[in-house]
Amino acid sequence: VHWEVEESPPPKSNFGQSLVIALPASKTTTLSIKYKTTEKSTALQWLTKEQTQGKQYPLCFTQSQAICGRSLLPCQDTPSVKAPFTISVTVPEPLTAVASGEPSGDPESSGNFRTFRYEQKVPVMSYLIAIVVAHLESCQIGPRSKCYAEPGVIHAAQKEFQDIVEDFILKAQEVVGGAKYEWGSYNVAVMPSSFAYGGMENPNCTFMSASLIPGDRSLTPTLAHEIVHSWIGNLVTNAFWKDFWLNEGFTRYIERRVLGKIFGPAFRGLLLLVGYNDLIKAVDMLNQQGTPGLTRLEPEIDEIDPDDAFSRVPYEKGSLFLFYLEQIVGGEQQMTDWLGAYVAAFRERSIETEDCKQHFLKFFKGVKRIKEIDWEHWLHGEGLPDFDLSSYVDRSLVDESRALADSWLNTSTSDVETGHMKAQQWMLFLDHLINAVVAGTSISHDTLASMESKYKLSLTKNVEVSFRWCLLGCKCKWPVCLDWTEKFLANHGRGVYVKPLYMALKAFDAERAISVFQQNRGLG
């Protein structure tokens, strides 16, 4: 078989080089490719033992989304191609290898090494081929679910995820119209807090950041999100990265439907408003960067690394669009009926936005209001969409957050009782304050000090609340927040926190922002 490594043209140089293989026509061929990864492999993350929780053994994990799979193995590194796979990983004892498939037998020992084998029978994209190797223990967290984590984290993880996993799976199955869960097991591997994502939906082994274990289950919506990917993203997939909202917008919409079924419509309303404020922050950040085109649901990113285009826009604008469509077609049940048909039509396929649009229009062809949908505005319009979300949601929990924020903005204090407030209400409270500052309102340093004295926000174990408190402090140029912000950036690697926080820190104290970055760039 003839093969060659094609030299990439300059505009594509960041995307790697093609391995071109001439295959015989009309013939099934088995290829064996021998290769080695290098220290430049962007999909492989190596942590020294000092960078782990236990500080006894090193840790390695892969993260291939969006286009890093090509640095892990020779593959067609695009979401438009799917294939089943098997993988074997040999590691030194006592380390354990966990991969995005079902185990194939027990580990085999040879000397001081063990070999773990996994098989993924459902065709998946290259970015879902994943492994983690570490000193891991495991525990049962549901009838089809295990949790893998370092020994010092395993008990906290079990307490956080016990039983709730199965509840989320069953509720998600209801929301997607009864489409069955096709992957067998659903397991969770807890990653270091330097992990660049909150969670990664690797089939049979979701990677979850240790940052999302505050001890009170207040951040389990991320777990619900990753579970929903079992249908949306992993089973029905965006064909190209311009269609990323088909993965994340749908998943965010269904996640909040699931949580609404469990915790009530007021909680869903709260999550929707928290998400809308995340969208406001994302649009503001992208406009500041001079990339307003990335605020579109279907952006033009042919010459852009998808990771450089990543933001909360596909998540929150996509979810908002589906919530809007829910109002157009008559409610939650109508959307559930469509989602069931959508998954059945496109399971194991990769589709584009136009495929989704045509399927929706055909399914709801008898609904008169679908003529009201301005597809161009939603899909290709920049910035925030013309839709008043607050008019359509249960605002009872939202209004408590708003009242607390208004009290501080108007009087620099508040006597509102806060002991009952949910973590998401604190997020929304801080979002209101951040949005007010961005809009030109001044919050004095004395007011911020009073908030800290009253609520002890710097001591929260909830990473979402902590991120917002640091962001507010930086935007208000409050010197007291600098130490907290520096500590936060040293402990957390999730992109949706790190990027806006570094930008705000740079605007406040550029020299310190550079210093903090240089200190942390090698920490995982």
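Details of the structure are given in the entry above.
Computed from a predicted structure; not experimentally measured.

Colleague: How should I be thinking about helix α11 (residues 423-438) in this particular structure?
Modeller: The α-helix winds at 3.6 residues per turn, so residues separated by three or four positions along the chain end up facing the same way. Across its 16 residues, α11 extends 23 Å between first and last C-alpha, which sits within 8% of the 22 Å expected from 1.5 Å per residue. Most of α11 sits out of view: 15 of its 16 residues are buried. Two residues or fewer after α11 comes Gly440, characterised by a positive phi angle close to 115 degrees.

Colleague: Help me out: how do you make sense of the packing of helix α5 (residues 265-288) against helix α10 (residues 396-411) in this one?
Modeller: For any two helices packed against each other, the geometry comes down to the angle between their axes and how far apart the axes lie. Taken N-terminus to C-terminus, the directions of α5 and α10 make an angle of 50 degrees; their axes are 7 Å apart at the nearest point. In terms of orientation, α5 and α10 fall into the oblique class. In this structure, α5 uses Ala266, Phe267, Gly269, Leu270 and Leu273 to contact α10, whose residues at the interface are Ser396, Leu397 and Val398. When grouped by side-chain class, the residues that make up the contact of α5 with α10 number six nonpolar, two polar and no charged.

Colleague: Teacher, can you tell me more about the nonpolar core here?
Modeller: It is characteristic of soluble globular proteins that their nonpolar side chains tend to be buried jointly. Ranked by internal contacts, the top residues of the largest apolar core, which has 165 residues, are Phe161 and Tyr342. Among the elements that take part in this core, α5 stands out by supplying twelve residues, more than any other. Among residues more than four places away in sequence, those in contact with Phe161 are Ile141, Cys147, Val188, Val190, Met208, Ile213, Arg217 and Leu223. In this structure, Ala43, Leu44, Cys68 and Leu72 belong to the second largest nonpolar core, which totals five residues.

Colleague: It is not clear to me how the state of the cysteines should be interpreted in this structure. Could you clarify?
Modeller: This structure, assessed with the given rule, holds zero disulfides. Sulfur of Cys481: no disulfide; nearest cysteine sulfur belongs to Cys474 and is 4.0 Å away. What makes Cys481 buried here is its relative accessible area of 0%.

Colleague: What's the story with a nonpolar patch on the surface in this structure? I'm lost.
Modeller: Taken together, the side chains of Val1, Trp3, Val5, Leu19, Leu23, Leu31, Ile33 and Tyr35 define a hydrophobic patch exposed on the protein surface, amounting to about 800 Å² of accessible area. Assignment of secondary structure puts Leu23 in the loop between β2 (18-21) and β3 (44-47).

Colleague: When you look at the pattern of salt bridges in this model, what are you seeing that I'm missing?
Modeller: If the charged atoms of two oppositely charged side chains come close together, the side chains can form a pair. All chains considered together, the criterion is met by 30 salt bridges. For Glu332, the salt bridge identified is with Arg257, shortest N-O distance 3.5 Å. Of the two residues, Glu332 sits in helix α7 (residues 332-346) while Arg257 sits in helix α4 (residues 245-263), which places them 75 residues apart along the sequence. Given a relative accessible area of 36%, Glu332 falls into the partly exposed group.

Colleague: Help me out: how do you make sense of the packing of α4 against helix α6 (residues 313-329) in this one?
Modeller: Two numbers describe how α4 lies on α6: the axes approach to 7 Å, and their chain directions differ by 60 degrees. Between α4 and α6, the crossing angle belongs to the class labelled oblique. Our pair here, α4 against α6, has a crossing hand that is right-handed. Contact residues: Trp245, Glu248, Gly249, Phe250, Arg252, Tyr253, Arg256 and Arg257 in α4; Pro314, Tyr315, Glu316, Gly318, Ser319, Phe321, Leu322, Phe323 and Glu326 in α6. Counted by class, the contact of α4 with α6 contains eight nonpolar, three polar and six charged residues.

Colleague: What am I meant to see in the packing of aromatic side chains here?
Modeller: For the structure shown, the criterion picks out 40 aromatic pairs. With a centroid separation of 6.4 Å and 20 degrees between ring planes, the pair formed by Phe321 and Tyr324 is classed as stacked. Of this pair, Phe321 and Tyr324 both sit in helix α6, three residues apart, which is roughly one turn of that helix. Both residues of the pair, Phe321 and Tyr324, belong to the buried class.

Colleague: I would appreciate a short explanation of the pairing of strand β4 (residues 59-62) in the present structure.
Modeller: Here is the key point about a regular strand: its side chains alternate between the two faces of the sheet. Where burial is concerned, the two faces of β4 agree: the one with Leu59 and Phe61 and the one with Cys60 and Thr62 are both buried. Pairing of β3 with β4, which is carried by four bridges, proceeds in the antiparallel orientation. Residue pairing across strands places Leu44 opposite Thr62, the latter belonging to β4. In this structure, β4 lies alongside strand β10 (residues 131-134), joined through two bridges in antiparallel fashion. Paired with Phe61 across the bridge in β10 is Val132.

Colleague: Whenever I open this one, the sheet that holds strand β6 (residues 96-99) confuses me. Can you help?
Modeller: Strands belonging to one sheet form pairs held by backbone hydrogen bonds; the direction of such a pair is parallel or antiparallel. Spatial ordering of the open sheet is given by β3-β4-β10-β6, a layout of four strands whose pairing is antiparallel. Strands with a single pairing partner mark the edges of an open sheet, and in this sheet they are β3 and β6. Here the average twist between neighbouring strands, direction ignored, is 10 degrees.

Colleague: Help me understand the side chain of Asn202 in this model?
Modeller: Mapped onto the fold, Asn202 is located in the loop between β14 (199-200) and β15 (206-209). Accessibility expressed as a relative area gives 3% for Asn202, which makes it buried. Once you skip the residues sitting within four places of it in the chain, Asn202 turns out to touch Ser100, Tyr127, Leu128, Ala130 and Phe207.

Colleague: What is the right way to read α6 from this model?
Modeller: End to end, α6 covers 23 Å across 17 residues, agreeing with the expected 24 Å (1.5 Å per residue, within 8%). Phi for Gly330, located one or two positions after α6, is positive at around 120 degrees.

Colleague: Hey, could you run me through the environment of Trp3 in this one?
Modeller: One can find Trp3 in strand β1 (residues 3-6). Assessed through its relative accessible area of 54%, Trp3 is described here as exposed. Separated by 125 residues in sequence, Trp3 and Leu128 place their C-alpha atoms 26 Å apart. Not counting chain neighbours up to four residues away, the residues in contact with Trp3 comprise Leu19, Val20 and Ile21.

Colleague: Help me understand the sheet that holds β15, please; the structure alone is not making it clear to me.
Modeller: In spatial order, the strands read β11-β12-β13-β15-β14; together these five strands make up an open sheet with mixed pairing. What marks the edges here is a single partner per strand, and that holds for β11 (137-142) and β14. Pairing of strand β13 (residues 188-191) with β15, which is carried by four bridges, proceeds in the parallel orientation. Across the sheet, residue Met191 finds its bridge partner in β15, namely Ser209. Strand contacts of helix α1 (residues 154-161): β11, β12 (145-149), β13 and β15, with the helix running at about 10 degrees to β11, the strand carrying the most contacts.

Rules and cut-offs
Residues numbered from 1 in each chain as written. Predicted model: local features only at pLDDT ≥ 70, side-chain atom pairs only at ≥ 80, totals over all residues. Heavy atoms only, no water. Helix = DSSP H or I, 4+ residues; strand = E, 2+ residues; numbered from the N terminus. Expected span 1.5 Å × (residues − 1). Buried < 20%, exposed > 50% of the residue type's maximum accessible area, 1.4 Å probe, protein only. Axes fitted to C-alpha atoms, helices over the stretch in contact; angles between N-to-C directions. Parallel < 35°, antiparallel > 145°, perpendicular 65-115°, else oblique. Contact = heavy atoms within 4.5 Å. Nonpolar A, V, L, I, M, F, W, Y, C, P; charged D, E, K, R; others polar. Core = buried A, V, L, I, M, F, W, Y, C linked by side-chain atoms within 4.5 Å. Disulfide = S-S within 2.5 Å. Patch = residues over 30% accessible without salt bridge, like charges linked within 9 Å, V, L, I, M, F, W, Y side chains within 5 Å. Areas by Shrake-Rupley, 256 points an atom, 1.4 Å probe, with all protein chains shown as cover. Salt bridge = Lys/Arg side-chain N within 4 Å of Asp/Glu carboxyl O. Left-handed = near helix turned anticlockwise from the far one by under 90°. Phe/Tyr/Trp six-rings, centres within 6.5 Å; stacked < 30°, edge-to-face > 60°. Pairing = 2+ DSSP bridges.

The values reported here are purely geometric and, on their own, carry no functional implication.
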